[in-house]
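# Descriptive structure summary
As a plain string of letters, each chain reads:
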Amino acid sequence: MGQKVAVVLFNLGGPDSKNAIQPFLMNFFMDKNIIRVPIPFRCLLASKISKKRSQREAGESYGELGDKSPLLENTNHQAMALKYALRGSEFEFKTFVCMRYWHPMSAQVVREVRDWRADKILLLPLYPQYSTTTTKSSLEVWNKAMYQAGMEIPTTMIGCYHANSGFIKASADLVVQKYIEAVKDGYDKPRILFSAHGLPEKVIKDGDPYQWQCQQTAMHIANAMGIEDLDWQICYQSRVGPMKWIGPSVDEALEHAASDGKAVVIYPHAFTQEHVETLVELDVEYREEAEKMGVKGYYRAETVGVNPDFINGLADMVYAHFNLDGIGAEGGECLCPTEFSQCCMRGDVSLGYKA
């Protein structure tokens, strides 16, 4: 057997029980990349927000899912599918799942990689679009865990892959399925709503490329669908707090569709597996809002999950990247316009711990 390569899949994480909801939210809002204020104020804000939101989400959002998130289970399925896709190589690949805000977190996964005696590590975020609030945040915690464990293993990271051909094809196929269903139900030219998790406008103005990459992903999917005069737009969900966020919101997009007499097919193009924001926020809460607004038809396309095209796209990137050094976008070239100074190949993101 050849070189041992640990492929570490980064993801957000989610509570695994009712009692875990508040500490999970506390971890989330304590992230300096999420709430960008000095730590004493961040601690106060995180404590207040997590307590308030945990009471609501325990009874509503996570209550719909049996008081826990399915994100870890779904990510584990993706990890197993990717490991299977990487079989037969001259190298020995093993996949590891590493969550940012709940278990298994970086310290645990670093130990697992060390115990496996990996020769090389490839970090693969399950966020196709790069953001300082997701990929960079996960990497910073991973770097610190590596430092604390005294590990020095050659590491590379695929920073973003917002236009990956496997991801785009899988997405387009899933959206087309729901589009055809809507047309068969009698709706003429339903509108495609590409929904992504929102961010405060300030984050984007500071040079984060997330919104631009989400726009590029939506454009590629729309083109890949091969439908003439396709009606589509991007919108954003999951707003938190009083700051001004990027838009339009899903609510605004639904109101617009209702006024235009359009049915909608909504696709969460920045998520790669099902979790609370798709299974509850999109499938339950926004569906109810759409009905109240008078939207003629509401359809939701599934996330890529373990779709073979998506998994094979990830595998192709692993083969292409694991011999490279440092952090790079898919293909190794920076595709972001120059105004996005915080992209994975321009910003202060790096491998290795910084105190």
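Please refer to the structure higher up on the page.
### Here we look at the nonpolar core
- Formed by 55 residues in total, the largest nonpolar core has its most connected members in Val-7, Leu-82, Leu-124, Met-225 and Leu-314.
- Top contributing element to this core by residue count: helix 6 (residues 165-184), with nine residues.
- When residues no more than four places from it in sequence are discounted, the contact partners of Leu-314 are Leu-82, Leu-124, Leu-126 and Tyr-161.
- Val-110, Met-151, Met-157 and Cys-160 belong to the second largest nonpolar core, which has 25 residues in total.

### Side note on the sheet that holds strand 2 (residues 92-99)
- Strands sit in the order 2-1-3-4-9 across an open sheet of five strands; the sheet is parallel. Only two strands of the sheet have a single neighbouring strand rather than two, namely strand 2 and strand 9 (326-328). Across the sheet, the axes of successive neighbouring strands diverge by a mean angle of 20 degrees, strand direction being ignored.
- Strands in contact with helix 3 (residues 71-85) are strand 1 (4-11), strand 2 and strand 3 (120-125); relative to strand 2, the strand with the most contacts, it is inclined by about 165 degrees.
- Strands strand 1, strand 2, strand 3, strand 4 (155-158) and strand 9 of the sheet are contacted by helix 11 (residues 308-321), whose axis makes an angle of about 140 degrees with strand 3.

### Focus on unusual backbone geometry
- The peptide bond linking His-103 to Pro-104 adopts the cis configuration, its omega dihedral lying at 0 degrees.
- Relative to the helices and strands, Pro-104 is located in the loop between strand 2 and helix 4 (106-116).
- Gly-247 connects to Pro-248 through a cis peptide bond whose omega is 5 degrees.
- Looking at where Pro-248 falls in the secondary structure, it is placed in the loop between strand 6 (232-237) and helix 9 (250-259).
- Of note, Asp-67 is a non-glycine position whose phi angle comes to about 70 degrees, a positive value.
- Within the secondary structure, Asp-67 sits in the loop between helix 2 (39-59) and helix 3.
- Notably, Ser-238 is not glycine yet its phi reads approximately 65 degrees, a positive angle.
- In this structure, Ser-238 sits in the loop between strand 6 and helix 9.

### Some details on the packing of aromatic side chains
- A complete count under the given rule lists 13 aromatic pairs for this structure.
- Here the aromatic residues Phe-91, Phe-93, Tyr-319 and Phe-322 are joined through ring pairs into a cluster of three or more.
- A cation sits over an aromatic face here: Lys-4 above Trp-116, 4.6 Å from the ring centre.
- Directly above the aromatic system of Tyr-84 lies the positively charged group of Arg-87, at a separation of 3.7 Å from the ring centroid.

### Concerning the packing of helix 4 against helix 5 (residues 132-148)
- Here helix 4 crosses helix 5 at 55 degrees, and the two axes come no closer than 9 Å. With respect to helix 5, the element helix 4 is oriented oblique. The handedness of the crossing between helix 4 and helix 5 comes out as right-handed. Of the residues in helix 5, those touching helix 4 at Ser-106, Ala-107, Val-109, Val-110 and Val-113 are Ser-138, Val-141, Trp-142, Ala-145 and Met-146.
- Of the residues contributing to the contact of helix 4 with helix 5, the split by class is eight nonpolar, two polar and no charged.

### Details of the pairing of strand 7 (residues 264-267)
- Burial along strand 7 is two-sided: Val-264 and Ile-266 facing one way and Val-265 and Tyr-267 facing the other are all buried.
- Two strands pair when backbone bridges link them, and strand 5 (residues 191-197) and strand 7 are joined in this way by four bridges, in the parallel orientation. For Ile-192, the partnering residue across the bridge sits in strand 7 and is Val-265.
- Alignment of strand 7 against strand 8 (residues 298-300), held across three bridges, turns out to be parallel. Pairing of Val-264 across the sheet is with Tyr-298, part of strand 8.
- In terms of handedness, the path from strand 7 via helix 10 (residues 276-293) over to strand 8 forms a crossover that is right-handed.

### Focus on empty space enclosed by the protein
- This model, assessed by the stated rule, comprises one cavity of 30 Å³ or more.
- Empty space within the largest cavity amounts to approximately 30 Å³.
- Contributions of two or more residues to the lining of the largest cavity are made by strand 1 and strand 2.
- For the lining of the largest cavity, the per-class residue count stands at three nonpolar, three polar and one charged.

Conventions we followed
- Residues numbered from 1 in each chain as written.
- Predicted model: local features only at pLDDT ≥ 70, side-chain atom pairs only at ≥ 80, totals over all residues.
- Heavy atoms only, no water.
- Core = buried A, V, L, I, M, F, W, Y, C linked by side-chain atoms within 4.5 Å.
- Buried < 20%, exposed > 50% of the residue type's maximum accessible area, 1.4 Å probe, protein only.
- Helix = DSSP H or I, 4+ residues; strand = E, 2+ residues; numbered from the N terminus.
- Contact = heavy atoms within 4.5 Å.
- Pairing = 2+ DSSP bridges.
- Axes fitted to C-alpha atoms, helices over the stretch in contact; angles between N-to-C directions.
- Phe/Tyr/Trp six-rings, centres within 6.5 Å; stacked < 30°, edge-to-face > 60°.
- Lys NZ or Arg CZ within 6 Å of the ring centre and 35° of its normal.
- Parallel < 35°, antiparallel > 145°, perpendicular 65-115°, else oblique.
- Left-handed = near helix turned anticlockwise from the far one by under 90°.
- Nonpolar A, V, L, I, M, F, W, Y, C, P; charged D, E, K, R; others polar.
- Right-handed = clockwise from strand over helix to strand, strands pointing away.
- 1 Å grid on protein atoms, 1.4 Å probe; cavity = no way out; pocket = protein on both sides within 12 Å on 5 of 7 lines; lining within 4 Å.
- Points joined across faces, edges and corners; volume = space filled by probe spheres on them.

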